Structures are given as C-alpha cells and as structure tokens.
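Understanding the architecture of this molecule
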Amino acid sequence: LPRSIGIETSVHSWTRRLGPDDYHFYTCEPLCKTKANGRLGHIIEVPMSIFPNNTCIMGNRRCSQYELANVKLQYAMVTLCRRFWAEGRRFPLWWVLGDDDVYVHLPKLRAALSAYDPSQPLLLSHLLPGCPGICGNGGAVLSWRLAESLVRNHGDRWIQSMVEHIMKGQFYWDVHIVQAAAWVKGARILDMKSLFGWGPFDEVCLA
C-alpha cells in the first residue's frame with residue numbers, strides 16, 4: 001500500500017496520462033481502502049470470504065500477503081466487469097492487469113495495442129520459455145471480447161480456481177491465467193514484446 005501511494009502521488013505516475021475514456025482501479029487486501037484514506041482513488045478490496053472459512057491455509061500455515069495477492073487481479077476484474085454491466089457503462093476495449101511495480105508508458109502501450117483487434121478473444125503478454133504461463137512481471141492485456149466472455153461465463157470459476165491454486169502452493173497468477181483464457185472458445189495468447197517485464201540488471205538483460 002505505501003508503494004502504491006508513492007507511485008500514485010508521483011509527478012511521473014502513469015495515472016496522470018490517462019485519457020477521458022480510461023479507467024484505473026487499485027485492488028488490495030481488506031481494510032486497505034480505509035488505510036489509503038482517499039489517496040488512491042478507486043479501490044477494490046479483496047474479501048477473505050472468497051476462502052473457506054474466511055481463511056487461506058497453505059499446508060500447516062496461513063498464506064502470506066504475497067501469496068494472497070495473486071488472486072487480487074482476477075477478483076477485481078470480475079467485480080468491475082459486473083459493476084460496469086449493472087451500471088450500463090461502456091465496456092473498455094482493453095483490460096490491462098499488472099502489479100504496482102509494472103512500468104507503463106501509456107502512449108507506447110496505446111500504439112502497440114492499435115495493431116490488435118479487441119473484438120477477438122486475445123490475451124497479450126510477453127512470452128518466454130522460462131515463464132510457465134505468461135511473464136506477468138510486465139503485466140497482461142485482455143481484449144474486451146476475452147474479458148467479457150471469461151467473466152460472464154467463468155467469473156466465479158476463475159476466482160475459485162485461483163483460490164484453490166494458492167492454497168495448494170501454486171500461487172503465481174501469471175502461471176494460471178493462460179488456463180483461464182483457454183476456457184473461452186477461440187481465445188489466443190499472443191506474445192507482445194512491449195510488455196517485457198525485466199529491468200536492466202536482471203540476468204535475462206545481461207546475457
């Protein structure tokens with residue numbers, strides 16, 4: 001939460017470069033909205049009620065906050081899609097998912113997305129042999145077609161599947177999002193190299 005607040009209040013924050021048709025939301029643990037005290041704008045809190053008996057247990061211990069955080073993106077996306085439908089809001093062309101340490105250059109992201117058709121069920125992310133699903137440290141982008149089909153037909157299943165993976169110790173969200181996308185007929189997972197997620201001192205960049 002402190003890191004997200006620091007990013008949000010920075011003059012370099014990507015949120016300052018949003019267009020009139022863009023939305024952005026943060027998602028975090030219970031009570032984070034109160035702790036943020038209005039400094040993060042729109043927040044979706046992930047309730048512990050999605051876990052059995054309101055508790056996440058992995059083996060013989062409680063899940064850590066890091067492990068729990070791997071269900072936040074799915075929960076927030078399902079919640080927001082349903083809210084948009086209920087309120088009659090226009091559905092976004094693209095849904096961008098990412099942790100608070102993902103660097104986003106909005107003009108370049110928009111330019112890169114212009115090469116794709118959002119009416120097709122697409123999951124865009126950087127793909128490398130070393131990533132068993134997608135390389136989520138650079139984020140992921142879902143077309144409106146994939147987002148709508150996935151949430152409308154499999155929203156609860158998506159959340160529940162991630163809950164089960166976390167409690168089994170298989171908690172990385174980017175490993176399992178490919179499986180969820182495959183539930184949608186005709187979905188394609190495409191390599192979008194502009195979502196490269198490593199920094200200049202990571203081994204993959206130094207090789």
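Just so you know, these numbers come straight off a predicted model, no measurement behind them. Just so you know, the residues in each chain are numbered from 1, in the order the chain's sequence is written. Given that the model is predicted, a residue must reach a pLDDT of at least 70 before its local features are reported, and side-chain atom pairs must reach 80 or more before they are shown or counted; all residues, however, enter totals for whole chains, interfaces and linings. Water and hydrogen atoms play no part in the side-chain values, which are based on all heavy atoms of the structure.

**Concerning the packing of aromatic side chains**
Definition in use: Centres within 6.5 Å make a pair out of two Phe, Tyr or Trp rings, where for Trp the six-membered ring is used; the pair is then stacked when the planes are under 30 degrees apart, edge-to-face when over 60, and tilted otherwise. By the criteria applied, helices consist of DSSP H or I runs no shorter than four residues and strands consist of E runs no shorter than two, each listed in order from the N terminus. Under the scheme applied here, a residue whose accessible area is under 20% of the maximum for its type counts as buried, over 50% as exposed, and between as partly exposed, the area being computed with a 1.4 Å probe on protein chains only.
Taken as a whole and assessed by the stated rule, the structure comprises seven aromatic pairs. Measuring from centroid to centroid gives 5.9 Å for Phe84 and Trp95, while their planes differ by 40°, and the two rings are tilted. Of this pair, Phe84 sits in helix α4 (residues 72–87) while Trp95 sits in strand β5 (residues 94–97), and the two are 11 residues apart along the sequence. The exposure class assigned to Trp95 is buried, which follows from its relative accessible area of 8%.

**Section: the packing of α4 against helix α6 (residues 144–167)**
The following threshold applies: Each axis is a line fitted through C-alpha atoms, taken for helices only over the stretch in contact, and angles between the N-to-C directions span 0 to 180 degrees. In these notes the angle categories are as follows: under 35 degrees is roughly parallel, over 145 is roughly antiparallel, 65 to 115 is roughly perpendicular, and the rest is oblique. Crossings are classed by handedness, with left-handed meaning an anticlockwise turn of the near helix from the far one by less than a right angle and right-handed meaning a clockwise turn. Every residue pair with non-hydrogen atoms within 4.5 Å of one another is taken to be in contact. Three classes are used: nonpolar for Ala, Val, Leu, Ile, Met, Phe, Trp, Tyr, Cys and Pro, charged for Asp, Glu, Lys and Arg, and polar for all others, with Gly counted as polar.
Relative orientation of the contacting elements α4 and α6 amounts to 140°, with a least axis distance of 9 Å. As judged from the angle between their axes, α4 and α6 are oblique. Every pair of crossing elements has a handedness; the one defined by α4 and α6 is left-handed. In contact with Gln74, Tyr75, Met77, Val78, Cys81, Arg82 and Trp85 of α4, α6 contributes Ala147, Glu148, Val151, Arg152, Gly155, Asp156, Trp158, Ile159 and Met162. Split into classes, the residues belonging to the contact of α4 with α6 amount to 10 nonpolar, two polar and four charged.

**Overview of the sheet that holds strand β8 (residues 188–191)**
Going by this rule: Note on pairing: DSSP must find at least two bridges between two strands before they are called paired.
Ordered by their spatial adjacency, four strands build an open sheet running β5-β7-β6-β8, and the pairing between neighbours is mixed. Two strands in the sheet have a free side with no partner beyond their single neighbour: β5 and β8. Direction aside, neighbouring strands of the sheet carry axes that sit 20° apart on average. Relative to the sheet, helix α7 (residues 173–182) contacts β5, β6 (122–125), β7 (140–143) and β8, its axis offset from that of β6 by approximately 160°.

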